[in-house]
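Fold and contact review
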Amino acid sequence: TSLVTYRKSKVSSSPIPLPYIKSKASNSSSPKWTFNRTLSNLIRKHILRFLDAERDISILKSTFKPGDVIHYIFDRQSTTNISENLYHLLPTVSPMKNQHYKQCAIVGNSGILLNSSCGREIDSHDFVIRCNLAPVEEYAADVGLRTSLVTMNPSVVQRAFQDLNSEEWVQRFVHRLQSLSGSVLWIPAFMAKGGEERVEWAIRLILLHTVNVRTAFPSLRLLHAVRGYWLTNHVQIKRPTTGLLMYTMATRFCDEIHLYGFWPFAHDPDGKSVKYHYYDTLTYHYTSGASPHTMPLEFQTLHALHRQGALRLHTGPCQ
Ligand code: CDP
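Residues numbered from 1 in each chain as written. Predicted model: local features only at pLDDT ≥ 70, side-chain atom pairs only at ≥ 80, totals over all residues. Heavy atoms only, no water.

1. Comments concerning the confidence of the model for the protein chain
Threshold: pLDDT is defined as a per-residue confidence score from the predictor, taking values between 0 and 100. The contact criterion used is simple: two residues touch if any of their non-hydrogen atoms lie within 4.5 Å.
Mean pLDDT over the protein chain works out to 90, with 87% of the residues at or above the 70 mark. Residue range residues 1-17 is modelled with pLDDT below 50. Its contacts to residues more than four positions away, or to other chains, number 31 contacts. Long-range and interchain partners of residues 24-29, a stretch whose pLDDT sits below 50, account for 4 contacts in this model, where long-range means more than four residues apart. Across the assembled chains, the prediction reports ipTM 0.99 with pTM 0.92.

2. Overview of the state of the cysteines
Selection criterion: We call a pair of cysteine sulfur atoms a disulfide when they lie within 2.5 Å. The helix count covers DSSP runs of H or I at least four residues long, the strand count covers runs of E at least two residues long, and both are numbered beginning at the N terminus. We call a residue buried when its accessible area falls under 20% of the maximum for its residue type, exposed when it is over 50%, and partly exposed in between, using a 1.4 Å probe and counting protein chains only.
As enumerated under the stated definition, the model contains 2 disulfides in all. With a sulfur-sulfur separation of 2.0 Å, C104 is cross-linked through a disulfide to C254. Across the S-S bond linking C104 and C254, the dihedral sits near -90°, which makes this disulfide left-handed. In this pair, C104 sits in strand β4 (residues 101-107) while C254 sits in strand β9 (residues 254-260), placing the two residues 150 residues apart along the sequence. One disulfide bridge connects C118 with C318, the sulfur atoms lying 1.9 Å from each other. Residues C118 and C318 are joined through a disulfide that is right-handed, its torsion about the S-S bond being 90°. Of this pair, C118 sits in the loop between β4 and α5 (119-123) while C318 sits in the segment after β10 (312-314), and the two are 200 residues apart along the sequence. In this structure C118 comes out as buried when scored by relative accessible area, which is 1%. Looking at C318, the relative accessible area reads 13%, which means it is buried.

3. Thoughts on the pattern of salt bridges
Where we set the bar: Each reported salt bridge corresponds to a side-chain nitrogen of Lys or Arg within 4 Å of a carboxyl oxygen of Asp or Glu.
According to the stated counting rule, one finds 11 salt bridges in the structure shown. The residue R130 makes a salt bridge to D123 at a minimum N-O spacing of 3.5 Å. The partner of R198 in a salt bridge is D163, with the nearest N and O atoms 2.7 Å apart. With R198 in helix α9 (residues 196-208) and D163 in the loop between α7 (155-161) and α8 (167-178), this pair connects stretches of sequence that are 35 residues apart. Salt bridges here are not isolated pairs; linked through shared partners, they connect R37, R44 and D255.

4. A look at empty space enclosed by the protein
Worth spelling out the cut-off: Here a cavity is any set of points on a 1 Å grid over the protein atoms alone where a 1.4 Å probe fits but cannot get out, and a pocket is any open set with protein on both sides within 12 Å along at least 5 of 7 lines; a residue lines the site when it has an atom within 4 Å of a point. Grid points are joined across faces, edges and corners, and a volume is the space filled by probe spheres set on the points.
Evaluated as defined, the whole model comprises 1 cavity of 30 Å³ or more. Taken as a whole, the largest cavity spans an internal volume of roughly 40 Å³. In terms of lining residues, the largest cavity is bounded by S40, I43, R44, Y247, T251, C254, D255, I257 and A310. Residue assignment for the lining of the largest cavity shows that the elements contributing at least two residues are α2 (37-48), α11 (242-253) and β9.

5. Describing unusual backbone geometry
For L133, which is not glycine, the phi torsion reads 50° and is therefore positive. A relative accessible area of 3% places L133 in the buried class. Even without being glycine, L164 reaches a positive phi, approximately 50°. For L164, the location among the structural elements is in the loop between α7 and α8.

6. Here we look at the site of the ligand
Here is the rule: Nearness of a residue to a molecule or strand requires only that one of the residue's heavy atoms be within 4 Å of it. Any pair of nitrogen or oxygen atoms within 3.5 Å is treated as a polar contact; in protein, a donor-acceptor pairing is required on top of that, and neighbouring residues in sequence qualify only through side-chain atoms on both sides. Values of accessible area rely on a 1.4 Å probe in the Shrake-Rupley scheme; residue burial ignores everything except the protein chains shown. Gly falls in the polar group here, along with every residue not listed as nonpolar (Ala, Val, Leu, Ile, Met, Phe, Trp, Tyr, Cys, Pro) or charged (Asp, Glu, Lys, Arg).
The environment of the ligand is formed by 18 residues, the closest being N109, N132, T242, G243 and H277. T242 places a side-chain nitrogen or oxygen 2.5 Å from an oxygen atom of the ligand. Between the ligand and H277 there is a distance of 2.6 Å, counted from an oxygen atom to a side-chain nitrogen or oxygen. Here the ligand has 510 Å² of accessible area as a free molecule, and 97% of this is covered by the chains. Looking at the shell around the ligand residue by residue, the class counts come to 7 nonpolar, 11 polar and no charged.

7. Digging into the environment of G144
Locating G144 in the fold gives a position in the loop between α6 (140-143) and β6 (149-151). For G144, a relative accessible area of 1% gives the class buried. Spatially, the C-alpha atom of G144 lies 7.8 Å from that of E121, the residues being 23 residues apart in sequence. Once residues lying within four places of it in the same chain are set aside, the contact partners of G144 are G119, D123, R130, V136 and Y139.

Set out below in structure tokens:
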């Protein structure tokens, strides 16, 4: 059994000044948005100094064997093993190898999507990324149906599928997985301890029902590299959210990136209340206090990039 430890990424030691993130470009939320290809290419280049999403999106079969010990990224003293089943589902090549898309949509889970009628627009992108197995069928008009890649924090099994505590919840979970057919299922299995069993259940069900998904398990360096990129740009995030992780990775394989469902605020610009998630009853209390995320700061950063045309944030209803 080999000890797999986190190896420091090959980050250039000199800080790179990237003025675009802090830049106080005009504050007006002008409805006119044009894509800034030059800036978007520059961001891709800078992020590549920290991580290569084509590689870091998943560890590969060739690098591990069943039984290998992994230290959790946020709980370094705790370890888990590469189980036989997990090994079985490791990709042999990167699921994003040589893939490039003109327009990608990243769909966050904010309630701002409700009554947005953005479903069709979201689905019109070449590649659609979703977070945490958020339901789509019941909300298709607002969030669309298409999924090219979806993330699944292990905690989702507990939060959205009642820890599979009855046959009915198992069926619902399997149904959700089966509806993904062909897309990438990205499981951050080694971030924080506590999700080991849930990851194993999910993997077993995928194998048992021969679910047609391409599983990916982020590299052990990804999180530090993403955080490093933003910290170098003086964005003091604690732990990047799934949404920010997806944006940072998507710069590698997408030209134009459109974000929907990113709104970490309890009210919309007109003062109407906005649900934390479009599909459940979690409230903003959930993010306060002990939460390791700094969503409003992330939002500000993404908004600065939106103003400069590097990405497009959609926060209002679609046509
Ligand atoms: O895994 P995590 O808790 O970060 O994410 P989530 O609650 O499933 O939502 C997916 C992503 O949508 C988040 O990571 C945020 O980037 C974004 N989000 C947002 O901007 N505003 C909200 N009210 C909720 C989520």
